[in-house]
Amino acid sequence: MSPQEIAQNAEKALLYEVVTNPKPGLVDPADRGPHPDMDVYLFINSSLSLGEYFRQAAKIGTNFTDTDLREMFKKLRQAGIQAEKTMFEATKKINTHKGAIFSLGLFVCASAYCQRHRDLDEFEVISKMTQGLVKHDLGQKNDTAGERQFLKYGKGGVRAEAEAGYPIVKNVALPFLAKSTGELNTRLLDTLMKIVSQIEDSNLIKRAGNIQVVEWSHEQAEKYLDLGGYGTAAGKEFMQELNQTFKEENYSLGGSADLLIITIFMALQKNII
Ligand SMILES: CC(C)(COP(=O)(O)OP(=O)(O)OC[C@H]1O[C@@H](n2cnc3c(N)ncnc32)[C@H](O[C@H]2O[C@H](COP(=O)(O)OP(=O)(O)OP(=O)(O)O)[C@@H](O)[C@H]2O)[C@@H]1O)[C@@H](O)C(=O)NCCC(=O)NCCS
Ligand SMILES: Nc1ncnc2[nH]cnc12
């Protein structure tokens with residue numbers, strides 16, 4: 001697969017996620033959820049502004065020949081910092097895809113690297129690229145939600161997820177999506193809720209202002225899945241209720257959306273969808 005094809009799957013993943021609906025706590029074509037400053041058009045603008053970054057990320061992965069994969073991450077991070085600026089220009093300073101620039105950028109770079117290293121998979125490569133990241137980045141500053149939550153709760157957020165090689169995507173979300181059948185929208189909604197049932201989303205914790213919200217969100221997502229998901233009348237009805245609750249409570253699921261995005265990306269790479 002060429003760097004261009006890999007980069008194109010990344011852009012597709014961003015667009016597939018935003019059109020999936022109805023997503024609780026997130027923007028979709030029918031609803032802004034708890035994000036009055038965003039709509040689906042903003043996400044389209046943001047997604048298209050990142051095309052050049054994904055091509056760069058794929059090239060970094062293709063051209064890297066050293067053995068220490070942390071050096072590949074350093075190169076990617078430089079490109080990512082520039083991509084964040086490009087995104088904020090495209091969205092007039094609204095944070096649509098900061099987490100996705102980080103997580104999806106890692107997957108694009110790792111996928112390109114794996115084209116020439118068939119003995120490795122993306123999850124292992126990302127884990128090697130980001131070894132020591134929590135220790136390096138967290139513990140001093142408290143400017144961002146991730147930095148504050150590490151100091152307050154000892155949670156490593158997206159950085160810990162990356163260091164571990166995104167096990168939720170590898171072991172839970174991707175196999176779940178692969179096994180699912182039916183309409184793609186339903187499969188992706190159910191996969192999102194499978195992710196919500198297990199992760200600690202730093203965006204949700206920040207919005208709620210407490211850590212107990214994690215357990216609550218796990219229970220809600222499990223209930224939805226137990227009802228049979230979006231393909232059943234009961235699951236559909238419960239999803240509508242959840243949408244309303246997330247809006248009323250001003251709860252967002254930005255981190256879960258990013259994990260769905262990388263699950264979609266990997267599913268496209270593996271021809272699962
Ligand atoms: C490593 C970076 C992502 C930077 O981290 P930073 O500390 O700036 O950010 P975090 O607060 O740690 O947020 C990381 C984003 O990752 C997503 N996320 C959250 N939980 C998880 C999880 N368990 N697994 C995977 N991904 C997760 C999430 O992104 C989405 O939510 C975003 C909006 O969230 P937030 O930032 O909390 O909130 P607001 O902007 O206030 O928005 P609203 O609440 O109003 O909605 C959205 O973008 C989604 O994508 C987390 O936000 C990376 O950026 C980096 O390396 N940057 C470079 C930094 C650097 O090296 N600088 C050098 C100079 S110092
Ligand atoms: N659809 C969405 N709504 C809000 N934040 C997001 N971050 C990534 N995708 C998102």
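Given the structure is predicted, the values throughout are model-derived calculations rather than measurements. (Residues numbered from 1 in each chain as written. Chains lettered and ligands numbered in written order. Predicted model: local features only at pLDDT ≥ 70, side-chain atom pairs only at ≥ 80, totals over all residues. Heavy atoms only, no water.)

Engineer: Quick one: what's the story with the overall build of the protein, residue by residue and with numbers?
Structural biologist: Along the protein, the regular secondary structure elements total 15 helices and 0 strands. At 18 Å, the protein has a C-alpha radius of gyration in line with the 19 Å of a compact globule built from 273 residues. With the C-alpha coordinates of the protein rotated into their principal frame, the extents come out at 50 × 45 × 35 Å. Pairs at least 24 apart in sequence give 70% of the contacts found in the protein among residues at least 6 apart. (Helix = DSSP H or I, 4+ residues; strand = E, 2+ residues; numbered from the N terminus. Rg over C-alpha atoms; globule rule 2.2 N^0.38 Å. Contact = heavy atoms within 4.5 Å.)

Engineer: Tell me what's going on with the packing of helix H1 (residues 3-19) against helix H2 (residues 40-49), and back it up with residues and numbers.
Structural biologist: In the contact formed by H1 and H2, the axes pass within 9 Å of each other and the chain directions differ by 170°. Taken together, H1 and H2 sit at an angle that is classed as roughly antiparallel. Across the interface between the two elements, Glu-11, Leu-14, Leu-15 and Val-18 from H1 touch Val-40, Phe-43, Ile-44, Ser-47 and Leu-48 from H2. Within the contact of H1 with H2, the residues separate by chemical class into 7 nonpolar, 1 polar and 1 charged. (Axes fitted to C-alpha atoms, helices over the stretch in contact; angles between N-to-C directions. Parallel < 35°, antiparallel > 145°, perpendicular 65-115°, else oblique. Nonpolar A, V, L, I, M, F, W, Y, C, P; charged D, E, K, R; others polar.)

Engineer: How would you explain the site of ligand 1 if you had to name every residue and give the values?
Structural biologist: Near ligand 1 you find 28 residues, and of these Arg-77, Asn-95, Thr-144, Gly-146 and Lys-206 are the closest. Contact between ligand 1 and Lys-98: an oxygen atom at 2.9 Å from a side-chain N or O atom of the residue. Gly-146 is positioned such that a nitrogen or oxygen atom in its backbone is 2.7 Å from an oxygen atom of ligand 1. Considered on its own, ligand 1 offers 1,200 Å² of accessible surface; in the complex 78% of this is hidden by protein. Counting residues per element, the ones that place at least two in the shell around ligand 1 are helix H4 (69-90), helix H5 (98-114), helix H8 (145-153), helix H9 (157-163), helix H12 (202-208) and helix H15 (254-269). Tallied by class, residues from the shell around ligand 1 come to 7 nonpolar, 11 polar and 10 charged. (Near = heavy atom within 4 Å. Polar contact = N/O pair within 3.5 Å; in protein donor to acceptor, adjacent residues only side chain to side chain. Areas by Shrake-Rupley, 256 points an atom, 1.4 Å probe, with all protein chains shown as cover.)

Engineer: Tell me about the site of ligand 2, and please be specific about residues and values.
Structural biologist: Near ligand 2 you find Glu-17, Lys-23, Leu-26, Val-27, His-35, Phe-43, Thr-96, Ala-257 and Asp-258, and these make up its full shell. Between Thr-96 and ligand 2, the recorded distance is 3.3 Å, taken from a backbone N or O atom to a nitrogen atom. Here ligand 2 has 260 Å² of accessible area as a free molecule, and 96% of this is covered by the chains. Residues of the shell around ligand 2, tallied by class, amount to 4 nonpolar, 2 polar and 3 charged.

Engineer: Tell me about the pattern of salt bridges, and please be specific about residues and values.
Structural biologist: A side chain of one charge can pair with a side chain of the opposite charge if their charged atoms are brought near each other. In this structure the tally under the stated criterion is 10 salt bridges. Where Lys-74 meets Glu-71, a salt bridge forms, and the shortest distance between an N and an O atom there is 3.2 Å. Within this pair, Lys-74 and its partner Glu-71 are both found in helix H4, separated by 3 residues, close to a single helical turn. Looking at Lys-74, the relative accessible area reads 52%, which means it is exposed. Judged by its relative accessible area of 30%, Glu-71 falls in the partly exposed class. Where Glu-200 meets Lys-155, a salt bridge forms, and the shortest distance between an N and an O atom there is 3.0 Å. Taken as a pair, Glu-200 in the loop between helix H11 (184-196) and H12 and Lys-155 in the loop between H8 and H9 lie far apart in primary sequence, 45 residues in all. (Salt bridge = Lys/Arg side-chain N within 4 Å of Asp/Glu carboxyl O. Buried < 20%, exposed > 50% of the residue type's maximum accessible area, 1.4 Å probe, protein only.)

Engineer: Break down the environment of Leu-133 for me, citing the residues and quoting the values.
Structural biologist: Mapped onto the fold, Leu-133 is located in helix H7 (residues 133-137). The class for Leu-133 is buried, based on a relative accessible area of 5%. Note: C-alpha distance between Leu-133 and Ala-162 (29 residues apart in sequence) is 8.6 Å. Beyond its immediate sequence surroundings of up to four residues, Leu-133 is in contact with Phe-73, Arg-77, Phe-102, Leu-138, Arg-159 and Glu-163.

Engineer: Summarise the packing of aromatic side chains; cite the residues concerned and give the values.
Structural biologist: The full count for this structure, using the stated rule, is 7 aromatic pairs. Between Trp-216 and Phe-246, the aromatic rings sit 5.5 Å apart at their centres with planes inclined by 45°, giving tilted as the arrangement. With Trp-216 in helix H13 (residues 212-226) and Phe-246 in helix H14 (residues 233-249), this residue pair connects regions lying 30 residues apart in the sequence. The class for Phe-246 is buried, based on a relative accessible area of 2%. Through successive ring pairs, a cluster of aromatic residues spans Phe-107, Phe-123 and Tyr-166. The ring of Tyr-230 is capped by Lys-236, whose NZ or CZ atom sits 5.1 Å from the centre of that ring. (Phe/Tyr/Trp six-rings, centres within 6.5 Å; stacked < 30°, edge-to-face > 60°. Lys NZ or Arg CZ within 6 Å of the ring centre and 35° of its normal.)

Engineer: I'd like a rundown of the packing of H4 against helix H6 (residues 122-129), residues and numbers included.
Structural biologist: Where H4 meets H6, the axes come as close as 7 Å, and the angle between the chain directions of the two elements is 85°. Taken together, the axis directions place H4 and H6 in an arrangement best described as roughly perpendicular. Contacts between H4 and H6 involve Leu-69, Arg-70, Met-72, Phe-73 and Leu-76 from the former and Val-125, Lys-128 and Met-129 from the latter.

Honestly, that's just the spatial picture; any functional story needs more than this.
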